[in-house]
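Observations on the model geometry
Single-letter residue listing:
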Amino acid sequence: MDTKSEDGVLARGSPPVVSTSTLFQSSNADVTFQSSDNVDFRLHKRYLEFATGGFPPANTPSSLGEIVRLSESSTTLEILFQFVYPQRHPSLDKLGFEELLKVAEAAEKYEVFGALTATHLMLREFLHSHSKQVLQFACVHRVAPLVERLAPIMMDTPLSKIKSALILCPSYFVEWSLFREQYLQLSIALAQSRPQHKCDNFNIFTRVVLQKLDKPSNLMMPNLENLFNIRSIGGLENIQVCCATESRKWYHAVRERVAKIPEFTLETMDG
């Protein structure tokens with residue numbers, strides 16, 4: 001017989017205490033799942049069959065009282081299973097990144113269709129703050145839209161630092177590398193064909209621009225205007241009209257070349 005210590009903790013060897021989710025405790029449920037932290041979720045097979053692709057069909061026989069144990073926590077499953085029923089889906093806005101990622105991984109594992117869409121959309125909020133983790137997730141599960149959004153954001157990240165994620169999907173790795181290479185080659189070309197305007201201010205401006213090209217993202221269209229704005233360079237005084245004119249000519253010439261670089265897309269690829 002199990003006993004409790006004075007502080008109420010079960011003695012060693014006692015069976016774990018099992019509770020039932022308050023959201024999923026229907027008396028006519030025909031399947032019970034148990035989380036890794038021993039919380040039962042009583043669901044209906046017909047809804048699982050309709051809303052997911054990772055659970056057996058509704059007509060799959062099961063033993064009376066059988067409990068299916070899952071590796072996810074009750075916190076994750078309680079969010080996930082709310083996407084199974086024909087009801088308003090839960091908001092994911094207040095989830096931290098780690099919590100959201102666990103729900104996203106579970107949605108992929110069990111193919112919970114509504115949760116797949118919702119988590120993919122919410123992960124976009126973390127593209128800047130958790131780029132590498134989102135890339136890892138997107139490559140593992142071949143979520144092409146996330147990879148497409150990450151490519152320009154992570155343009156300045158050396159391939160050596162993200163190879164382990166991209167190599168999970170070789171086709172993504174190839175396309176990502178080719179996309180980045182176009183900007184790297186343009187940076188090299190600009191350094192080799194700098195304008196030959198002789199004014200001192202323009203020479204200083206040219207050096208500043210070329211220094212910034214160590215980050216290929218500075219050549220992306222949203223950043224070009226600032227990169228080639230001679231008046232944004234601190235310390236330059238009495239900028240002559242000829243220098244301003246020459247800087248604009250350089251800007252337009254580079255802009256024309258950047259415009260020919262296609263956007264990163266994986267639309268035609270499996271994923």
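The rules behind the values
Residues numbered from 1 in each chain as written. Predicted model: local features only at pLDDT ≥ 70, side-chain atom pairs only at ≥ 80, totals over all residues. Heavy atoms only, no water. Helix = DSSP H or I, 4+ residues; strand = E, 2+ residues; numbered from the N terminus. Contact = heavy atoms within 4.5 Å. Areas by Shrake-Rupley, 256 points an atom, 1.4 Å probe, with all protein chains shown as cover. Lys, Arg positive; Asp, Glu negative; His and termini not counted. Charge placed at Lys NZ, Arg CZ, Asp CG, Glu CD. Buried < 20%, exposed > 50% of the residue type's maximum accessible area, 1.4 Å probe, protein only. Axes fitted to C-alpha atoms, helices over the stretch in contact; angles between N-to-C directions. Parallel < 35°, antiparallel > 145°, perpendicular 65-115°, else oblique. Left-handed = near helix turned anticlockwise from the far one by under 90°. Nonpolar A, V, L, I, M, F, W, Y, C, P; charged D, E, K, R; others polar. Salt bridge = Lys/Arg side-chain N within 4 Å of Asp/Glu carboxyl O. Phe/Tyr/Trp six-rings, centres within 6.5 Å; stacked < 30°, edge-to-face > 60°.

Under an unreviewed UniProt entry, the protein has the name BTB domain-containing protein and belongs to Lentinula detonsa.

1. Comments concerning the overall build of the protein
Across its full length, the protein carries 11 helices and four strands. By principal-axis analysis of the C-alpha atoms, the protein measures approximately 90 × 50 × 35 Å. Counting only contacts in the protein whose residues sit at least 6 apart along the sequence, the fraction spanning at least 24 positions is 59%. For the protein, the accessible surface area stands at approximately 15,700 Å², while carbon and sulfur atoms represent 51% of it. Between the centroid of the 28 positive side chains of the protein and the centroid of its 30 negative side chains there is a distance of 8 Å.

2. Comments concerning helix H2 (residues 74-81)
Within H2, six of the eight residues are buried, which leaves it mostly tucked inside the rest of the structure. When H2 is considered as a whole, its buried residues turn out to be Ser74, Thr76, Leu77, Ile79, Leu80 and Phe81. In this structure, the buried residues of H2 make contact with strand E1 (19-25), strand E2 (31-34), strand E3 (39-43), helix H3 (97-110) and helix H4 (113-123).

3. Focus: unusual backbone geometry
Across the chain, the bulk of peptide bonds are trans and the bulk of non-glycine residues have phi less than zero. Here the phi dihedral of asparagine 38 falls at roughly 65 degrees; this positive angle occurs in a residue that is not glycine. Positive phi, close to 50 degrees, is recorded for glutamate 111, a residue that is not glycine. Checked against the element boundaries, glutamate 111 lands in the loop between H3 and H4. Classification of glutamate 111 as partly exposed rests on a relative accessible area of 37%.

4. Points about the packing of helix H8 (residues 170-192) against helix H11 (residues 241-259)
Helices that pack against each other are described as a pair by the angle of their axes relative to one another and the distance between those axes. At their nearest, the axes of H8 and H11 sit 11 Å apart, and the two run at 150 degrees to each other. By the criterion of interaxial angle, the relationship of H8 to H11 is roughly antiparallel. Regarding H8 and H11, the two cross each other, and that crossing is right-handed. Where H8 abuts H11, its residues Tyr183, Leu186, Ala189 and Leu190 lie against Trp250, Val254, Arg257 and Val258. In terms of residue class, the contact of H8 with H11 is built from seven nonpolar, no polar and one charged.

5. Quick word on the side chain of lysine 45
Structurally, lysine 45 is set in helix H1 (residues 45-51). Residues in contact with lysine 45, not counting those within four places in the same chain, are Asp30, Val31, Ala58, Thr60, Pro61 and Ser62.

6. Digging into the pattern of salt bridges
Counted according to the given criterion, the structure contains three salt bridges. For glutamate 225, the salt bridge identified is with arginine 248, shortest N-O distance 3.0 Å. Highlighted residues: glutamate 225 in helix H10 (residues 221-227) and arginine 248 in helix H11, separated in sequence by 23 residues. Classification of glutamate 225 as partly exposed rests on a relative accessible area of 39%. For lysine 249, the salt bridge is made with glutamate 246, and the minimal N-O distance between the two is 3.8 Å. Of the two residues, lysine 249 and glutamate 246 are both situated in helix H11; the distance of three residues between them amounts to about one turn of the helix.

7. Here's the deal with the packing of aromatic side chains
Per the counting criterion, the structure on display carries 17 aromatic pairs. Ring geometry for phenylalanine 33 against phenylalanine 55: centres 5.1 Å apart, planes inclined by 55 degrees, an arrangement best described as tilted. With phenylalanine 33 in strand E2 and phenylalanine 55 in the loop between H1 and strand E4 (67-69), this pair connects stretches of sequence that are 22 residues apart. Phenylalanine 33 gets classed as buried once you look at its relative accessible area, which sits at 4%. When its relative accessible area of 12% is taken as the criterion, phenylalanine 55 is described as buried. Relative to phenylalanine 264, the ring of tryptophan 176 lies with its centre 6.0 Å away and its plane at 75 degrees, an arrangement referred to as edge-to-face. Placement of the pair is tryptophan 176 in helix H8 and phenylalanine 264 in the segment after H11, with a sequence separation of 88 residues. There is no split in this pair, since tryptophan 176 and phenylalanine 264 are both buried. The rings of Phe24, Phe33, Phe41, Tyr47, Phe55, Phe81, Tyr85 and Tyr110 are connected pair by pair, giving a single aromatic cluster.

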